[in-house]
Amino acid sequence: MRRRDFIQLSGLGMSALLGGSVPVLGNTVSVHQLLEPRADAALKKKLADVALNAAKSKGATYADVRIGRYLQQFVFTREMKVQNITNAESYGVGIRVIANGTWGFSATSDVRPEAIAKCAETAVAIAKANSRIQKEPVDLAPQKGVGEVAWKTPLKKNAFEVPVQEKIDLLMKVNGEAMKNGAGFVTSNLFFINEQKYFASTDGSYIDQDIHRIWPTFTVTAVDRQAGKFKTRDALSSPMGMGYEYLDGLAGDKIPGPNGLISYRNSYDMVEDATVAAKQAKEKLSAKSIQPGKYDLVLDPNHLGLTIHESVGHATELDRVLGYEANYAGTSFATLDKWKSKNFNYGSKLVNIVADKTQPLTLGTVAYDDEGVPGKEWDLIKDGILVNYQATRDQVKILGGTESNGCSYADNWDSIQFQRMPNVSLKPSPEKRSVSDMIKGVDKGIYILGRGSYSIDQQRYNFQFGGQVYYEIKNGQIVGMLDDVAYQSNTQEFWNSCAQLCDKDDYRTFGSFFDGKGQPSQVSAVSHGCPTTRFNGVNVINTGRKI
């Protein structure tokens, strides 16, 4: 189907809907209510069967139901004050069906059996209404039912069970240490999310999953009042698929870097990072402004993860490639003809990028996606060549495949699932190589850490990225801090300039906790793993230069 037809028929389909709009829920609750259980798996199975049977009785050839409870706790502070604490719960049922070869969807917050049955009937009615303008029937890749199964994020400390006062005390310590070490202002936040999802389908799957995510973060600001300048440094944490144990700051998860720099893997010392951040923000006030030109870049995983996300992750989403996902951040240059050629050089031969839903402790890892497809790993770019995309059950036939990649996700029970990014990661070098080893081989370069400002065009091709801190490399040594740095390139040129990768001992993950896509917009969370990586001859501009 052409994109123009897709957009036109989508609009016609909306006018054919038989019901009103579904309300979006997000109720404020107490801390104690976050810990109170809802329905157990046995009750959810009974409710799911009500939905499936009602859908089939009205003519659905396929149906799936998601019974979801979504919990959030966010804590916000500034300097020595708590700004806000939010506790929220959303609970309801989303039902998706195929009738007359067409999708239909409906959702309800009323979890009584009779309300769920009516919701399923509405989904079928919507599908039949849409079928009047459907040109091709939905063709799902087969998926064998898995029966009754359960999976949980492996937790050591459930963040929702940790007293709020303990969380406040941590953030007050973070802010206090930052202020002691030169920060004029500091904000710090804790984000905790728990998705309790029950998925059932007419394929014969009954899947109960309990998914946890965490993100501690801050921004410190140093001020030079005489010069009227300020500089910031954000946390070098990564959102993770973990519990509160991520904040243990274990010594074994600290990775020492050049010039006393510290990076973190699977646990995070928030106080330590804030202390260093305040000192670095002060140092940035007097750092040398970059001289524009070509440089070899040494990119830390906490920085490179965002570049992977924007230039590879979004670019290899099949709906974006096909033009179905365009209004929210554009389409993709990585079109099907490039994939079909089997020789499109996305990057150098060192570039091996995989998609997965299986890496331990990451944001995208689950046992099953929101179509009941088991998590797995597959190649997107192999030895620099584009070899695959991200696809769901109703997309994979376009690629000549018979098995979904497991990329279906909805951010709430009242959102319809669609293709979302899995973890997308750059494999480390099989050769032993540390960050210090890499820097020793650089004559003129910049070492970049942290996520900064960025911009990328509507084809995921031309881009510009900044970071948090920058260090000048001369003749194999770090010689001082730089400022006003951003690099510009295009996706193919950039990845073909990849010249070296560190080994698995340096491999770490970056995360996007609130990644937006779709209309109406949905958010998802996804991780991107990689080692520190070198890119040669990249164009660097001065962002502080005035005309």
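Before reading further, recall that the structure is shown in the block above.
None of these values were measured; they are calculated from a predicted model. (Residues numbered from 1 in each chain as written. Predicted model: local features only at pLDDT ≥ 70, side-chain atom pairs only at ≥ 80, totals over all residues. Heavy atoms only, no water.)

Participant: I would appreciate a short explanation of the environment of L155 in the present structure.
Facilitator: Along the chain, L155 turns up in the loop between β5 (147-152) and α5 (164-180). Residue classification places L155 among the partly exposed residues on the basis of a relative accessible area of 30%. With 354 residues separating them in the primary sequence, L155 and T509 have C-alpha atoms 18 Å apart. Residue contacts for L155: discarding those within four places in its chain leaves H212, M242, G243 and E245. (Helix = DSSP H or I, 4+ residues; strand = E, 2+ residues; numbered from the N terminus. Buried < 20%, exposed > 50% of the residue type's maximum accessible area, 1.4 Å probe, protein only. Contact = heavy atoms within 4.5 Å.)

Participant: Sorry if this is basic, but what is going on with empty space enclosed by the protein here?
Facilitator: Taking a probe equal in size to a water molecule and rolling it over the atoms shows the remaining empty space. Taken as a whole and judged by the stated rule, the model has four cavities of 30 Å³ or more. Surrounding the largest cavity, 18 residues form its lining, K357, L363, G364, V366 and Y409 being those nearest its centre. Secondary-structure elements contributing two or more residues to the lining of the largest cavity are β6 (185-201), β7 (205-224), β16 (408-409) and β27 (522-530). Of the residues forming the lining of the largest cavity, the biggest block, three residues, is contributed by β7. Across the lining of the largest cavity, the residue classes tally to seven nonpolar, four polar and seven charged. A volume near 100 Å³ is recorded for the second largest cavity. No other element matches the three residues that strand β10 (residues 262-264) contributes to the lining of the second largest cavity. (1 Å grid on protein atoms, 1.4 Å probe; cavity = no way out; pocket = protein on both sides within 12 Å on 5 of 7 lines; lining within 4 Å. Points joined across faces, edges and corners; volume = space filled by probe spheres on them. Nonpolar A, V, L, I, M, F, W, Y, C, P; charged D, E, K, R; others polar.)

Participant: I would appreciate a short explanation of the pattern of salt bridges in the present structure.
Facilitator: Here the idea is simple: oppositely charged side chains can pair when their charged atoms come close. For the coordinates displayed, the defined rule picks out 34 salt bridges. A salt bridge links E79 to R78; the nearest nitrogen and oxygen atoms lie 2.9 Å apart. Overall, R78 belongs to the partly exposed group, its relative accessible area being 36%. We note a salt bridge from K254 to E272, for which the minimum N-O separation is 3.3 Å. Taken together, the residues K254 in strand β9 (residues 254-256) and E272 in helix α6 (residues 270-285) connect sequence positions 18 residues apart. Take K254: its relative accessible area is 23%, and that puts it in the partly exposed class. (Salt bridge = Lys/Arg side-chain N within 4 Å of Asp/Glu carboxyl O.)

Participant: Teacher, can you tell me more about the layout of surface pockets here?
Facilitator: Its volume calculated, the second largest pocket comes out at about 460 Å³. Along the walls of the second largest pocket sit 27 residues, with R69, K152, N194, Q196 and D210 positioned nearest its centre. Elements with a contribution of two residues or more to the lining of the second largest pocket: α2 (31-35), β2 (62-78), β5, β6 and β7. A class-by-class count of the residues in the lining of the second largest pocket yields eleven nonpolar, seven polar and nine charged.

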